Structure formats: structure tokens, C-alpha cells
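The primary structure of each chain is shown beneath.
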Amino acid sequence: MDDLYYILPEIILVAAALIVLTVDFFLPEGRRPGLAWPAAVAPLVSLGFVIAFWGTERTLYSGTLQIDEYALFFKGLFLVITFFVLVGSPGYVRKNLRHPAEFYGLVLLAAVGAMAVSSARELLTAYISLELVSFGFYSLSSQAKHELRSNEAGAKYIILGAFSSALLLYGISLVFGATGTTFYSGISQGAQTAAGLGPGMLLGITLLISGLGFKVAAVPFHMWTPDVYEGAPLPITAFLSVGSKSAGFAFLIRLFAEGLGPVMGDWRVAIGILAVLTMTLGNLVAMQQRNIKRLLAYSSIAQAGYVLVGAAALTDQTSAGMMLHLAGYTVTNLGAFLAVIFYNNATGRERIAEFRGLSRRSIFLALALAACLFSLAGLPLFAGFATKFYLFSAAAASGMWWLVAFAIANSIVSVYYYLVIIREMFVAPSPDPEEERTPLRIPLHANAALGVLVVLVLWIGLYPNPIVQAAEAGSRAIFGS
Amino acid sequence: MLYALVLVNLLAGAAMFAIPERQRLLAKLAALAAGTFSLAISIATFALYDRAQGGFQFEDRFDWLPSIGISFHVGVDGISAPMVLLTGVVIFTGVLISWNIETRTREFFGLLFMLVSGVFGVFVSMDLFFLFFFYEVAVLPMYLLIAVWGSTRKEYAAMKLVMYLLGGSILVWTALLALYHAAGVRSFDLLDMQAAGFDPSLARVLFPILFVGFGVLAGLWPFHTWSPDGHVAAPTAVSMLHAGVLMKLGAYGIIRLGVQLLPSGARDWLWFFLIIAAVNVLYGAFSAMAQRDLKFVVGYSSVSHMGYVLMGIGSMTAIGLNGAVLQMFSHGIMTALLFALVGVIYDRAHVREIAAFGGLAKVMPRFAVLFMIAGLTSLGLPGLSGFAAEFLVFAGTFQTNPWIAALGIAGVAVTAAYILRMMARMFFGPLNERWRGLKDMNRLETTAGVCLVALLVLFGVYPPLMVGQIDVSVAPLIAALPK
């Protein structure tokens, strides 16, 4: 019974998903998109439990799941993501999608998977949880069933996703072969024996990194990202860019810290190279994008690269830095996507050049988006600066200077393409002066949701101490120091 | 008190966006209020600084991120107090000069005050994280300020400026992390790091990185090309702040992180940067001579004058460093005045070609007088602050390297040539009939101009008023240098 109590946050989401799917039958079609509101209550209630659990340390279900501050940190993060994705969806769903209940239900279920990933201390549990996330996303990205690009996105995602899952599974089986267990604690012991250092283990770890690299969209496993981001419905793109990525990292950090810690020394350089490729390619290609979804896709690849810098120099401090940067990135990117969604709802546009003159039509939307873009670029006052500074400083502490220098240079170069969007919004005159004089009509709840996210971005940027302490507590939980 | 200087401006900047777009006057009044507040506090900071006590004063401290040792620790010493005063004066006069901004007024002043808060933040931060934080805050609004309200290839210049300055901050950021980890005291506090000291071999590597990183903002040759383009493209108040104050952030950073934290690195590299400083002086002066656009002349003359600042720092003598800081102040006021005046004439005539003017002294006497005082400061006329500053710089440099000092003095001659020629063409000779109807400066503009001129004269006639204070903090820095 006790074990059940500690998975209440997940249970609540599952129940909410089932309720939403059922109630759907009894509602007239026009009212179904409004189901997002009751659905959005569930993550808030769950979040209450997660906060109440803070400080608990408990092993559930014979050691497959762990409740600790690390898991709770990520669970909180996923719940915040889910809440804002749901709140940001109704307008878009009403305009573009036919089956709102399926959409909201799948969002909730994908969130359950992500939460379980952060708790998992055993490879198969983690794998199955991650698959729950992925399956949610496969069908969510093809939800715009009448639209060609959405179908293409779904098809691409499931084929490449299945491939990466296969890599992951094969990696798990090899690690099991070498160490005789799938529990992280056992792998950690087994890795120090002769068999643990053999070619089987090496290949296994390579495959694990490749599989997870796919989930977090690290180069060269990123090929799916731009197409899926572009084709998927906008709220799902938002969800993918923060939820799926954070879930991948939640898996990766715990696995590396608790399971593969003893052999990590050998992997530093390899992951460092992955990080450099990911940052550099993400930023360079982002510069050439004309569509804001694709631009944000490549920018999210670059952001994954910064997080990987922490993974290459894994210590308890860098892992806190990774968690911190993921949290900052999450609220920032959600904010950016919500702004794009609301603009798209009002105008149906998504090309960067079509953001021209936005500052005249809605100064709030323009400022909110600008704040998020500055934060993604890592400029101060906003979350991105504080989180990157912490992360890079932690990585520098372990002596990987070449990597930190690369990361800093990349972060600065990225300012260029974020500024291009800001130029369109604030500088360039609108092509249609008539249009420029008509203010955009953004619903109040949309402005409120966006406002909350911008406040969070500023809060992390201006006073990060509380969240840094939470991340450090989470990191201590997995490093046991 | 110093918290107020940073935070009030930041909040004022943010609050301006909430003013309805049509209430232009309200936005201007809010800007004037914030500007007056900044001026009052900065004068108080300068005047109340206790020279007998020395060191950092008006300190405040707030633990911001204790786990890695970042605190919002503020205070001013003899070097930063004049810089705070400079910023206060320039923003106040900048608001007066920008009174006629009618397009998107609230956004203009909102961004302007964000910029100012960043500048104040750099000068008062004793924590290096916050120094860097505010350094970036100051760069951030530049893009929009230039690209929206500027002129002459504004988008190109804005992007170029931002990318150059951020390029410099790649070096600063990396070096800052290196300093932090090398000091091993888990603190970004300037004084903690200074107390920990640094290995000479590390200092040798980090000093040039910091020098170049901050040097980009100080207009260090060959990374100065953003500066004429940016200053010309920027709207008047932004040019004033940028050339007047922001370029000083670079020099200030070199003094704080370079000379103060890495004295042995400074010692190792000074010969090299003295040469670069001389190139700055001469290259800037000759480029200014070749310009036809009034604003480009002022822009290149900034590059040249910042060379004197770098030369003073590079001299590594107390007298030279005093001169450098005084030159930072003096050039800040002078160049702000020049850009303000260029703005005044451009507003009226809509051209900036020097050759297009002539005999302006007849129709715009007030303008002509102010312009000539600024010009004479620029060429180092005794009795104005520029002379005192340059004299100290040369006296210091002469002790270290007489040849470089000679090159510097040659720079003054070139400056005299282009300034006198420019003034002669603009103000004297036959009046170009096209400008018969030009109005002289209005009351607000004149007030701004007179404020700035008063300071040039005050510190020119009696430089110890400022040098005495600068020396309080410069002397220990020089004393700490390895022989």
C-alpha cells in the first residue's frame, strides 16, 4: 500500500487521462476542446503531492523505482510542462484537430511515462517508461490527421524511434550479459570486474548512448527532429522539445551516475565530442531556418549540446547544472512556444518573416517572446544566463576547458539567429500598414499563461537560489554525497 | 544607495513598457525623473566618497547563490566613483537631448534605462559574476536601440556591434571561469580572489585573454571597427552613452580584472599593449582625418582617445593610470557632448557632411561655442580636462617607454589638425545660404550642453578634485605590481 501512495502523482494522471477519454463521449463536439481545462487540473494536483514528498527517500517495487529528490525534481518539471502544454492547447486544438480527448489523454499518459523514467533504477523499467513517452509522442505528432506534414512527421518519428529503441534494447541486453543484472547498483559493481570492462560492455554502452542520443536529439542522432517538429501540431512540438528531451536526460543522468559511474572516465571524451557536434551543428543550421518551428528545433538541438557538456564532465555539481539548465530551458522554451502558438492561433502564420511588425500589434506577446529568445541565447536577466553560467562553471571545475570554451563560443554565436527573430518583431516594418494598426486579439488566459512563464524565466534569471538548491539536492541523491 | 542606482533604473526601464503608447509626454517625464535620480545619486556617491578612508565604500551585500559563492556585492572605490558620476551625468543630459523622440518613445526610454542600469551595475559590482552579468545587460538593449531608432546602415551596424561585443565576452567569460577555479576560494568576489592571488604562469595566459576580451568594448585596434559604424548608426542619446560610457566599461574591466587581479600578467604583457595603444591613437586619429561625415570624425576620434586610456593603463605607473582614469571620465563627457551636438545639427540640417556647412557661428552662436569647447578639449587645450588627462598619461608613459610617449604626443598633433580643420570649415568662412534659417539650440539642449561643458572646465582647471580621488585606489594597485 505504501508503494502505491508514492506513485499517486502518476496514478492521478492516468485516472485523469481515462476520465477525459470517457467524458469525451458525452460532450457535444463544440465543447470537447475545452476538456483541456479539467485535464490541466490533474498535473497541478500531482504537483502538490510531489512537493509534499520532497525530502523523502524510498525504494519502491523491489528496487525498480526510487523516490528521491532527483526523481521528484524531474517529476515536478514534467508536471509543469504538462500543465502548460494543456493550457496552451485548446485554441490550437479547436482550430486544427478533430479528436481533442485523445490528444489531451495522450499528453497525460506521455507525462506518466516521463515521470516513471526519472524514478527508474533498473534498465528495463526505465526502457519501458521511456517507450510510454515515445508511443505517446508517435501518435501525438500525427494528430493532425488531415494534414500531410503531420502524417509524415508521425511516420518518420515512429520508424526512427523504433530503430533507436532497438539500439537501446540491444545495449541493455549486452550490459546485462556483461554484468548479469539490469539494476543500476548491480551494474555499477559488475562494471568493476573483468567482464565489466570487456568488449561486450563497451558495445553495450555505445548502444545505450546512441539510443539515448536519439531521444535527446543529439547529433548525429538528430535527423528526425526538424521534420517532426515542423510537422507535429504546435503544442506537441512544444511538448516534444522539452518533455521528450528532459525524459531522455532524466534516464541518462541517473544511469551514468548510479550505474556506469565507475567506467565513465573512458566516456568523457566521446560524450564531449558528441556535445561539441550537437552544439555546433544545431547553431549553424539554426541560422539558415525560415520557419520558426524548425528554428526552435535546431535551437533545441543546440541546447541539448550544452546539457551534454555537463554529461561529459559528470560530477555531482555538473549533474545539478544539467538539471538546472534543463529546468531553465524548459520554462523558456515553453514560453517561446506558447507565444508562437498564440500568434499562430490568431494569424495562422509560422514563418519567421511573418512575425514582422508583431511589436506594434501586441507589445506583450512580442516582449514575452523576446524575453524567451534572449533567455535561450543565454543573456542575463533571463534564466538562460544563470543556468548556463552555473553549468559551464561546474564543467570547468572538472578541467574540461576545451569543451567549456566551445560551449561558451557556441552560446554567443547563437545570439545571432535569435536576434533575427527579434528584428522581425521590433525593427522591420510590417508589409501591410493597415494590418499593423489592428491589435492582435489574444485571449486573456493565453496572456496569463505566458505571463506566468515569463515570470518564471525572470525568476530563475534573477534569483536562482531556490531552484539551484533543489537541483543540488536532487544531484546529491544520486551521487550519494 | 548603490543598489538603488542599479535597481531603480532597471525597474524604471521595465515600467516604461507599461505606459500606454500614446502618452509620450508621460514616458519622457518618467525618463527625466529616473535620469535626475541617477544624477543625484551619482553626484552624492562621488562627493561623499571618503578619500581619507580609501578602499571600497557604500558597500552592500546580498548572498545570491551561496553554493558557488556569488553575492550581489556592491561598492565603489576611487576608480569607480568617477565612472558612476560620468554615467549619471551622461544619462541625464542624454534624456534632455532625446526630448524630441516621437517614435515609440516609451520603448526607446525603456531600453535606454535598461542599458543604464547595466552600466551602473558594472561600475558598482564587486562580485565578478555580477560585473559580467551587468556587462551583458548593457550590451543587450543596444541592438534594438540602434536598429530601430538609428540611421546610416543601422541594421548592419547594430548586428556588427552586438556580435563584436559578444565575441569579446566569449573571452571574458572563459577567463572569468578560469580565474574562479584557479583561485579555489569558491567565491566570485573581487577582494576574495585578489587575496587568493594567482600563479604568474596562469596570469601570463589569462591577462591577454582578458585584455582583448574587454578591449573589444574599449575600441582596441584591430577590433575597433564596430565602434565608428555603431556610433554613427546609433541615435544621439545612445551614441552619447555608448561612446561616452560603454567604451569605458572595457577599460574599467581591464583595470579591475586585468591589472588588479593579475598584476604579474600585466607586467609581462605591458610592452605589447603599449604598442597596440599607440597604434590605436594614431590609427584612430588618421582615420578621423580622412572622414567627411561629422559623426564618423567623432567616432574615430573616440577610437583614438581610447588609445590614450589604454596607453595610460599600459604605462603601469601610478601617474599614467591616474591619467587613464581621468581620461576615461574626460573623454566620456567630451564625446557625449560632441555626439549631442552632432545630433543637434543633424536634427536641423539632416546632413552631416562637413563640407556642406560653413559660417555656422553666425546663425548658431551657442552651438558653435559649445562645439568649440568640446573640440578644444579633444585636442588637449590646457585648462580643459582633456589636457590634464593626456598630460598625466604621457608623463606616466614617458617613464616606461619614451618612444611610445612620443608617438602619443604625435597623435595629439594629428588630433589638433583634424579638429581645427573641421571647426574652421563648419563655423567660419562665408555662411552657406542654405543654413540661413537654422535655429540655434533650444533651452533643453543648451542646458544639457552647459552641464557637460561645466564639468570639462571644472576638472580641467582643478584636476586634483578628481585625480585625488582616483589616486586613492590607483596607488595600491601600482604598489602591488611585481617589480
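**With respect to the overall build of chain B**
The helix and strand inventory of chain B stands at 20 helices and 2 strands. Computed over C-alpha atoms, the radius of gyration of chain B comes to 21 Å, within 12% of the 23 Å expected from 2.2 N^0.38 for 483 residues, which places it in the range of a compact globule. In terms of overall dimensions, chain B has C-alpha extents of about 70 × 55 × 40 Å along its principal axes. Across the 483 residues in chain B, those meeting the buried criterion constitute 64%.

**A few points about the overall build of chain A**
Looking only at helices and strands, chain A features 23 helices and 2 strands. Over its C-alpha trace chain A gives a radius of gyration of 21 Å, about what one expects of a compact globule, namely 23 Å for 481 residues. Structurally, chain A occupies a C-alpha span of about 75 × 55 × 40 Å along its principal axes. Considering only residue pairs separated by 6 or more positions, chain A has 80% of its internal contacts joining residues 24 or more positions apart.

**Digging into the environment of Leu370 of chain B**
Residues and elements named next belong to chain B. Here Leu370 shows up in helix H16 (residues 365-378). On the basis of neighbour counts, which here come to 24 C-beta atoms within 10 Å, the residue Leu370 falls in the buried class. Sequence separation of Leu370 and His350 is 20 residues, and the distance between their C-alpha atoms is 20 Å. Excluding anything up to four places from it in sequence, Leu370 contacts Leu337, Leu341, Gly449 and Val453.

**Regarding the confidence of the model for chain B**
Looking at chain B as a whole, its pLDDT mean stands at 88, while 100% of the residues score no less than 70. Model confidence for the complex is summarised by a pTM of 0.92, with the ipTM given as 0.90.

**Comments concerning the environment of Phe371 of chain B**
Along the chain, Phe371 of chain B falls in helix H16. The spatial distance from the C-alpha of Phe371 of chain B to the C-alpha of Val342 of chain B is 8.9 Å, given a sequence separation of 29 residues.

**As for helix H15 (residues 316-347) of chain A**
With 32 residues, H15 of chain A should reach 46 Å at 1.5 Å per residue; the first-to-last C-alpha distance of 46 Å fits that figure. Of the residues one or two after H15 of chain A, Gly348 of chain A is the one with positive phi, at around 75 degrees.

**Focus: the interface of chain B and chain A**
As a measure of interface size, the accessible area lost when the parts come together is often cited. Counting from both sides, the interface comprises 26 residues of chain B and, opposite them, 27 residues of chain A. Elements that contribute at least two residues to the side of chain B that touches chain A include exactly strand S1 (57-65), helix H5 (128-139), helix H6 (142-149) and helix H7 (154-183) of chain B. Counting residues per element, the side of chain B that touches chain A draws most heavily on H7 of chain B, which supplies 13 residues. Here the residues of the side of chain B that touches chain A are counted per class, giving 19 nonpolar, 5 polar and 2 charged.

**Here we look at unusual backbone geometry**
Between Val219 of chain A and Pro220 of chain A the backbone carries a cis peptide bond, its omega angle lying at 5 degrees. Assignment of secondary structure puts Pro220 of chain A in the loop between helix H10 (199-215) and helix H11 (224-231). Despite not being glycine, Arg104 of chain B shows a phi value in the positive range, around 50 degrees. Take Arg104 of chain B: it is sitting in the loop between helix H3 (80-97) and helix H4 (105-124). You will see that Met316 of chain B, though not glycine, has its phi angle at about 60 degrees, which is positive. As for its position among the elements, Met316 of chain B is in the loop between helix H13 (294-315) and helix H14 (318-349).

**Details of the pairing of S1 of chain B**
Looking along a regular strand, one sees the side chains alternate between the two faces of the sheet. Residue and element names in this part refer to chain B. Alignment of S1 against strand S2 (residues 70-76), held across 6 bridges, turns out to be antiparallel. Within the sheet, the bridge partner assigned to Gln57 lies in S2 and is Val76. Where S1 folds back on S2, the antiparallel hairpin that results is connected by 4 residues, among which Gly69 adopts a positive phi of roughly 75 degrees.

**With respect to the packing of H14 of chain B against helix H19 (residues 443-461) of chain B**
Residue and element names in this part refer to chain B. Remark: H14 packs on H19, axes separated minimally by 10 Å, with the N-to-C direction vectors making an angle of 155 degrees. Comparing their axes, H19 and H14 come out roughly antiparallel. Judged by the twist between their axes, the crossing of H14 over H19 is left-handed. Contacts from Ser330, Ile333, Met334, Ala336, Leu337, Ala340 and Val344 in H14 reach Glu445, Ala448, Gly449, Leu452, Val453, Leu455, Leu456 and Phe459 in H19. Class assignment for the residues of the contact of H14 with H19 results in 12 nonpolar, 2 polar and 1 charged.

**Some details on helix H20 (residues 464-479) of chain B**
Residue and element names in this part refer to chain B. At Asp471, H20 shows its maximal kink, close to 40 degrees. Where H20 is concerned, the buried positions are Met466, Val467, Gln469, Ile470, Asp471, Val472, Ser473, Val474 and Leu477. Tucked into the core, H20 has its buried residues touching H3, helix H11 (236-260), H14 and H19.

**With respect to the nonpolar core**
By size, the foremost hydrophobic cluster in this structure holds 401 residues, and its most contacted members are Val107, Leu108, Ala339 and Leu373 of chain A together with Ile146, Val162 and Leu341 of chain B. Looking at this core, the element that brings in the most residues is H14 of chain B, giving 19 residues.

**Regarding the environment of Leu79 of chain A**
Residues and elements named next belong to chain A. For Leu79, the position within the fold is in helix H4 (residues 69-88). Take Leu79: there are 26 C-beta atoms within 10 Å of it, and that puts it in the buried class. Leaving out residues up to four positions away in the same chain, Leu79 has contacts with Pro43, Ser46, Leu47 and Val50.

**Quick look at the confidence of the model for chain A**
Of all residues in chain A, 99% attain a pLDDT of 70 or more, and the chain-wide mean is 90. Within chain A, H4 of chain A carries the highest mean pLDDT (95), whereas helix H21 (residues 433-436) of chain A carries the lowest (75).

**Some words on the packing of helix H17 (residues 363-377) of chain A against helix H22 (residues 444-462) of chain A**
All names here are of chain A. Two numbers describe how H17 lies on H22: the axes approach to 10 Å, and their chain directions differ by 35 degrees. In terms of crossing hand, the pair formed by H17 and H22 is left-handed. Here H17 contributes Phe364, Ala368, Ala371, Cys372 and Ser375 to the contact with H22, which in turn contributes Asn447, Leu450, Val454, Val457 and Gly461. When grouped by side-chain class, the residues that make up the contact of H17 with H22 number 7 nonpolar, 3 polar and no charged.

Calculation rules
Residues numbered from 1 in each chain as written. Chains lettered and ligands numbered in written order. Predicted model: local features only at pLDDT ≥ 70, side-chain atom pairs only at ≥ 80, totals over all residues. Helix = DSSP H or I, 4+ residues; strand = E, 2+ residues; numbered from the N terminus. Rg over C-alpha atoms; globule rule 2.2 N^0.38 Å. Buried ≥ 20, exposed ≤ 12 C-beta atoms within 10 Å, placed from the backbone. Contact = placed C-beta atoms within 7 Å. pLDDT = per-residue confidence, 0-100. Expected span 1.5 Å × (residues − 1). Nonpolar A, V, L, I, M, F, W, Y, C, P; charged D, E, K, R; others polar. Pairing = 2+ DSSP bridges. Axes fitted to C-alpha atoms, helices over the stretch in contact; angles between N-to-C directions. Parallel < 35°, antiparallel > 145°, perpendicular 65-115°, else oblique. Left-handed = near helix turned anticlockwise from the far one by under 90°. Bend = angle between axes of the 7 residues up to and from the residue. Core = buried A, V, L, I, M, F, W, Y, C linked by C-beta atoms within 7 Å.

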